[in-house]
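# Understanding the architecture of this molecule
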Amino acid sequence: MPNDPIPPSSAPIQAQFVTIGEEDAGQRIDNYLLRICKGVPKSHIYRILRSGEVRVNKGRIDQLYRLVEGDLVRIPPIRVAEKTAPSAPGAEFAILFEDAHLLVIDKPCGTAVHGGSGVSYGVIEQLRASRPDAKFLELVHRLDRETSGVLMLAKKRSALTNLHEQMRDGVTDKRYLTMVGGDWKNARQHIKLPLHKYTTAEGERRVAVQAGGMESHTVFSLLRKWPQFALLEAELKTGRTHQIRVHLASSGFPILGDDKYGDFALNRVLLKADSSRGSLKRMFLHAHQITFIHPDSGKSQTINAPLPPECERFLVSLGKPLPSLR
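Overview of the structure. (Residues numbered from 1 in each chain as written. Predicted model: local features only at pLDDT ≥ 70, side-chain atom pairs only at ≥ 80, totals over all residues. Heavy atoms only, no water.)

## What about the pairing of strand β15 (residues 285-293)?
Within β15, seven of the nine residues are buried, leaving the element largely enclosed by the surrounding structure. As defined by bridge partners, strand β8 (residues 148-154) adjoins β15 across two bridges and the pair is classed as parallel. Residue pairing across strands places Ser 148 opposite His 286, the latter belonging to β15. Note that strand β9 (residues 173-181) and β15 share six bridges and pair antiparallel. By the bridge assignment, Leu 177 is partnered in β15 with His 286. Between β15 and strand β16 (residues 300-304), which follow one another and run antiparallel, lie six residues, and Gly 298 among them has a positive phi close to 75 degrees. (Buried < 20%, exposed > 50% of the residue type's maximum accessible area, 1.4 Å probe, protein only. Helix = DSSP H or I, 4+ residues; strand = E, 2+ residues; numbered from the N terminus. Pairing = 2+ DSSP bridges.)

In structure tokens form, the structure reads like this:
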């Protein structure tokens, strides 16, 4: 049996046996089964694990067992529910870097990285649809839907694991460009505010500064300044949900075009150009650079994504920055 999801039409009546290859090695058995048995409830997956119906090399294992290349996995008969969700249309995105281990793209603003929360599909589903022969393709990290820029995907599980370890250990360096409203003063400023995730009554995911929340740290460097706006580079020291957006909004410098934490009145004004500037119809937040250790070569690598044209046009429309800055 190939290491692909069990198709809905198969509804197997006999146990199936899978030999684990390189791309599936290192996964926990429960996560592996949840991935290949599409449509099967989690409760059923854990039941067959507890009952011993799933075997590895003819022996019983628990849900925490990590697969090893060459393992023979027995999967008991499972009736898979018909998939009703629409399939994602294949799509490719601007490629910043690609080799046998990694795919790094320039994600456009307005595109989700994955399906869920009212979105049928995202970047990962579209890339998988456009690359049906890809044995493995997983997101290394995420970007908000309205954030553009550098997005890394792993083409091997070993690369995914390695990069996740780098991120946990603070080895990776992620930089964003953002424009805020207000009179920003400092050339370099550290913001350390605890962040708490919650869900609104409408079911939307939000983040707020709250004592006891997750420790979070962003370093902001001033690049250019105008009377009402400032262009900043944000360096993530931690990687919390909506971290840059909430750190700036809570400090009195909302990101232009931010529809969750921004200055909504200002956002409406920016939709139309006036005599002093052009229009801005998106959130001005762009993941412009990432530095990491390549999981295969072991060498440091930096990848950049150019500022999107709509953001560049807005910058140009503001004219020269204040003369006291570089």
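We are not done yet, so read on.
## Describing the sheet that holds strand β3 (residues 59-60)
Strand order in the open sheet made by the four strands is β1-β4-β2-β3, with antiparallel pairing throughout. Since the sheet does not close on itself, it has two edges, and those belong to β1 (16-19) and β3, each with one partner. As defined by bridge partners, β1 adjoins strand β4 (residues 72-75) across four bridges and the pair is classed as antiparallel. Following the sheet pairing, Val 18 is matched in β4 by Val 73.

## Re the nonpolar core
In this structure, Trp 184, Ile 244 and Leu 248 are the most contacted members of the largest nonpolar core, which totals 30 residues. Those elements that provide at least two residues to this core are β6 (102-107), α3 (123-130), β8, β9, β13 (217-225), β14 (229-236), α5 (243-250) and β15. By residue number, the principal contributor to this core is β14, which donates four residues. In contact with Trp 184, not counting residues within four places along its chain, are Gln 189, Phe 220, Leu 222, Lys 225, Ala 230, Leu 232, Leu 248 and Phe 253. (Core = buried A, V, L, I, M, F, W, Y, C linked by side-chain atoms within 4.5 Å. Contact = heavy atoms within 4.5 Å.)

## Focus on helix α7 (residues 309-317)
For α7, the set of buried residues is Cys 311, Phe 314 and Leu 315. Taken around the axis of α7, the buried residues stretch over an arc of 100 degrees, which confines them to a single face. Seen from the buried face of α7, the exposed residues on the opposite side, beyond 90 degrees, are Pro 309, Arg 313 and Val 316. Tucked inside the fold, the buried residues of α7 contact β9, β13, β14 and α6 (264-270). Of the residues one or two after α7, Gly 319 is the one with positive phi, at around 80 degrees. (Arc of directions from axis to C-beta.)

## Overview of the environment of Gly 212
With respect to the helices and strands, Gly 212 occurs in the loop between β12 (205-209) and β13. Note: C-alpha distance between Gly 212 and Asp 99 (113 residues apart in sequence) is 42 Å.

## What about the side chain of Ser 216?
With respect to the element layout, Ser 216 can be found in the loop between β12 and β13. Classification of Ser 216 as buried rests on a relative accessible area of 3%. Contacts of Ser 216, omitting those with residues within four sequence positions, involve Ile 191, Lys 192, Leu 193, Pro 194, Leu 195, Thr 238, Arg 240, Gln 243 and His 247.

## Observations concerning the pattern of salt bridges
Summed over the entire model, instances satisfying the criterion amount to 20 salt bridges. Across the salt bridge formed by Asp 183 and Lys 185, the nearest N and O atoms sit 2.7 Å from each other. Asp 183 sits in the partly exposed class, given a relative accessible area of 37%. The exposure class assigned to Lys 185 is exposed, which follows from its relative accessible area of 61%. Its salt-bridge partner being Glu 235, residue Arg 188 comes within 3.8 Å of it at the nearest N-O pair. With Arg 188 in strand β10 (residues 188-192) and Glu 235 in strand β14, this pair connects stretches of sequence that are 47 residues apart. In this structure Arg 188 comes out as partly exposed when scored by relative accessible area, which is 47%. (Salt bridge = Lys/Arg side-chain N within 4 Å of Asp/Glu carboxyl O.)

## Considering the packing of helix α1 (residues 29-36) against helix α2 (residues 42-50)
When two helices pack together, their arrangement is given by the angle between the helix axes and the distance between those axes. Contact geometry of α1 with α2 gives a least axis separation of 10 Å together with a crossing angle of 135 degrees. One element, α1, and the other, α2, form an angle in the oblique class. Crossing hand, α1 versus α2: right-handed. Contacts from Ile 29, Asp 30, Leu 33 and Leu 34 in α1 reach Lys 42, Ile 45, Tyr 46 and Leu 49 in α2. Classifying every residue of the contact of α1 with α2 by side-chain character gives six nonpolar, no polar and two charged. (Axes fitted to C-alpha atoms, helices over the stretch in contact; angles between N-to-C directions. Parallel < 35°, antiparallel > 145°, perpendicular 65-115°, else oblique. Left-handed = near helix turned anticlockwise from the far one by under 90°. Nonpolar A, V, L, I, M, F, W, Y, C, P; charged D, E, K, R; others polar.)

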